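What follows is each chain in one-letter form.
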Number of protein chains: 2
Amino acid sequence: MYRIGIDLGGTNIAAGIVNEEGKIVIQGSTPTLATRPFEEVIADMGKLVNDLLAKYGITADDVISIGIGSPGAVLNGYVIFSNNLNWKHVPLCDELRKYIDVPVYADNDANVAALAESTCGACKGYKNSVTVTLGTGIGGGIVINDKLYGGSHGVGAEIGHMAIKFDGIRCTCGGIGCWERYGSATALIREGKLGMARDSQSMIYTLAQGDENKVTAKVVIDAAKAGDKTACEIFDEYVKNIVVGLINLVNIFDPDVIAIGGGVAAAGDFLLDAVRECYEENIFYKDIPHAKIVFAEMGNDAGIVGAAMLS
Amino acid sequence: MYRIGIDLGGTNIAAGIVNEEGKIVIQGSTPTLATRPFEEVIADMGKLVNDLLAKYGITADDVISIGIGSPGAVLNGYVIFSNNLNWKHVPLCDELRKYIDVPVYADNDANVAALAESTCGACKGYKNSVTVTLGTGIGGGIVINDKLYGGSHGVGAEIGHMAIKFDGIRCTCGGIGCWERYGSATALIREGKLGMARDSQSMIYTLAQGDENKVTAKVVIDAAKAGDKTACEIFDEYVKNIVVGLINLVNIFDPDVIAIGGGVAAAGDFLLDAVRECYEENIFYKDIPHAKIVFAEMGNDAGIVGAAMLS
């Protein structure tokens with residue numbers, strides 16, 4: 001038997017057939033064209049799924065369920081609200097069932113990625129885990145007792161909008177001092193630009209050829225790896241900011257494991273070692289076993305595999 | 001049938017027999033004398049329970065279970081660690097079963113209070129709730145899908161130690177800028193003292209007779225209620241600080257309801273109205289239903305009733 005996972009994005013809809021080992025056996029995609037009526041978007045989603053089934057040579061009878069990861073607030077099969085798709089109260093699951101007679105589940109895309117880590121990735125074998133995605137913002141998903149926890153109204157696990165400095169930087173959400181203002185790739189890039197501006201001798205300046213637009217997370221981290229003083233200062237602050245949020249999650253959830261994913265994780269052990277060192281130094285209950293910090297493992301497959309695991 | 005709840009404190013052990021409606025039908029207490037070997041403390045706990053049963057005229061056969069709320073980290077029937085009791089890895093449940101042959105459960109005291117609100121109090125009828133206790137510190141308990149969530153190692157729900165200002169005030173836990181440094185009664189008193197020191201015209205000064213030791217949460221709140229400018233400024237800041245943490249909890253848990261308890265709640269609607277107004281102004285997803293903010297209802301019964309509800 002198979003499960004189908006659909007990763008509904010603002011630009012593309014990706015779908016895959018997932019086998020019992022949690023591996024994608026075939027996948028495909030189609031443009032979302034999100035400005036269309038939602039019925040058309042979901043009709044294309046149905047066509048994509050049926051095409052994949054035909055291509056792989058199986059039918060709906062071979063499929064246990066379909067899961068969809070969608071941006072925004074998702075609850076009871078509805079996309080309650082999504083900025084990216086410009087959807088409100090869209091009956092996503094019911095609509096898709098018009099095209100294929102299989103149980104359909106939906107959840108938020110960051111939650112779905114956490115489920116992927118929990119069932120098949122870095123958090124496999126642990127009952128309680130949090131997956132943190134350090135990207136443009138900070139996304140998160142929470143798994144409690146092996147089940148995804150998305151809150152009562154479908155807007156939980158917005159861990160990037162946990163305020164860690166209530167008199168800090170204004171966030172895109174309207175709040176102040178949200179974690180993602182300090183721990184996301186965007187925050188690292190912002191500080192990298194400021195560092196380059198105040199220190200033209202910095203390797204950040206060299207690597208970015210003095211062009212603010214060429215300052216990426218990788219540039220700052222590469223300069224820090226090479227021991228550049230300004231970059232190291234920025235990196236050390238950045239690591240501290242990540243750890244403030246991680247320790248908050250530990251004090252709140254006390255999970256078995258926290259998995260870190262997202263673009264910044266490409267920095268590899270250089271980042272992970274620094275985060276772990278700072279975390280162990282600052283954790284509250286040092287003498288009691290506490291959450292391990294690991295990297296997420298599912299990468300690009302997280303969206304499809306996690307969606308497929310919804311139930 | 002009945003359940004027994006035990007509230008194990010650093011000073012006293014309180015126990016009660018709770019009926020099927022969640023009401024305490026008889027209760028009693030005995031000094032903890034926590035410096036003794038734990039076996040003696042738990043022997044007295046057993047005696048207290050058996051005395052209550054005899055006094056009420058029932059036997060162990062009439063009792064479904066015993067629950068114990070203990071300070072510190074509690075996991076799988078053990079008190080892993082408690083500063084208040086100076087206990088480490090104490091097999092609390094097994095030890096108590098030597099005195100009465102009934103299933104025994106244990107959890108952290110703040111968690112147990114949240115369970116009381118969830119089963120019999122302000123959060124009754126809601127699947128997901130957080131109970132926040134604003135006292136000397138900020139305690140918390142989390143109920144998810146009608147079950148207490150205490151974390152993987154028994155140290156979850158330490159919501160008072162969620163950093164809300166990472167460059168803020170050093171906390172007793174060793175962390176920096178913990179919520180309880182800003183939202184507890186202790187924080188309000190600290191600011192009240194500072195307010196009195198800088199404004200001897202303030203009503204805080206009058207009510208406390210210029211004596212720093214007489215500045216209580218009630219003094220500051222009474223002065224604010226009367227419209228005193230300095231007190232109002234302090235109160236408004238304090239409300240904002242409470243709300244920063246509440247909104248973090250909403251962004252993380254998206255619960256049905258958050259119940260506020262603890263000494264500060266005695267301020268009544270004056271506090272609750274101010275908190276709600278600030279909360280509604282600052283909540284992220286304004287258009288989507290979100291957690292109600294209410295006062296906790298169980299008061300002094302929370303410890304016994306919540307413990308009795310453990311399973």
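Because the structure is a prediction, the values reported are computed rather than measured.

**Some words on the sheet that holds strand β12 (residues 257-261) of chain A**
All names here are of chain A.
So, step 1. The sheet built from five strands is open, its strands ordered β11-β10-β9-β12-β13 with mixed pairing. In the strand order of this sheet, the two ends are held by β11 (147-149) and β13 (292-295), each with one partner. Sheet twist, expressed as the mean angle between neighbouring strand axes with direction ignored, is 25°.
So, step 2. Summarising the sheet, β12 and β13 pair through four bridges and their orientation is parallel. By the bridge assignment, A259 is partnered in β13 with V294.
So, step 3. Its contacts with the sheet place helix α3 (residues 109-120) against β9 (129-134), β10 (138-144), β11 and β12, and it is angled at close to 50° to β10.

**Some remarks on the pairing of strand β3 (residues 24-31) of chain B**
All names here are of chain B.
So, step 1. As judged from the seven bridges shared by strand β2 (residues 12-18) and β3, these two strands associate in the antiparallel manner. Across the sheet, V18 pairs through a bridge with I24, a residue of β3.
So, step 2. Remark: five residues form the turn of the hairpin made by β2 and β3, two consecutive strands paired antiparallel; G22 in that turn has positive phi of roughly 80°.

**Looking at the domain arrangement of chain A**
Residue and element names in this part refer to chain A.
So, step 1. Taken domain by domain, chain A consists of domain 1 (2-120 + 301-308) and domain 2 (129-295).
So, step 2. In this structure, domain 1 and domain 2 have C-alpha centres spaced 29 Å apart.
So, step 3. Of all the secondary structure elements, the ones that give two or more residues to the side of domain 1 that touches domain 2 are β5 (73-75), β8 (104-108) and α3.
So, step 4. Sort the elements by how many residues they give to the side of domain 1 that touches domain 2 and α3 lands first, with seven residues.
So, step 5. Partitioning the side of domain 1 that touches domain 2 into residue classes produces eight nonpolar, three polar and two charged.

Calculation criteria
- Counting from 1, residues in each chain are numbered in the order their sequence is written.
- Chains and ligands are labelled sequentially in the order written, the chains with letters from A and the ligands with numbers from 1.
- Two thresholds apply to this predicted model, a pLDDT of at least 70 for residue-level local features and 80 or more for giving and counting side-chain atom pairs, whereas whole-chain, interface and lining totals are computed over all residues.
- At least two bridges found by DSSP between two strands are what make those strands a pair.
- Under the DSSP-based scheme used, a helix requires at least four consecutive residues in state H or I and a strand at least two consecutive residues in state E, with every element numbered from the N terminus.
- Axis definition: a line fitted to C-alpha atoms, over the contacting stretch in the case of helices. Angles run 0 to 180 degrees between N-to-C directions.
- Each residue gets a C-beta atom placed from its backbone, and two residues are in contact if those atoms lie within 7 Å.
- Residue ranges labeled as domains rest on an automatic or database domain assignment.
- Note on residue categories: nonpolar means Ala, Val, Leu, Ile, Met, Phe, Trp, Tyr, Cys or Pro, charged means Asp, Glu, Lys or Arg, and polar means any other residue, Gly included.

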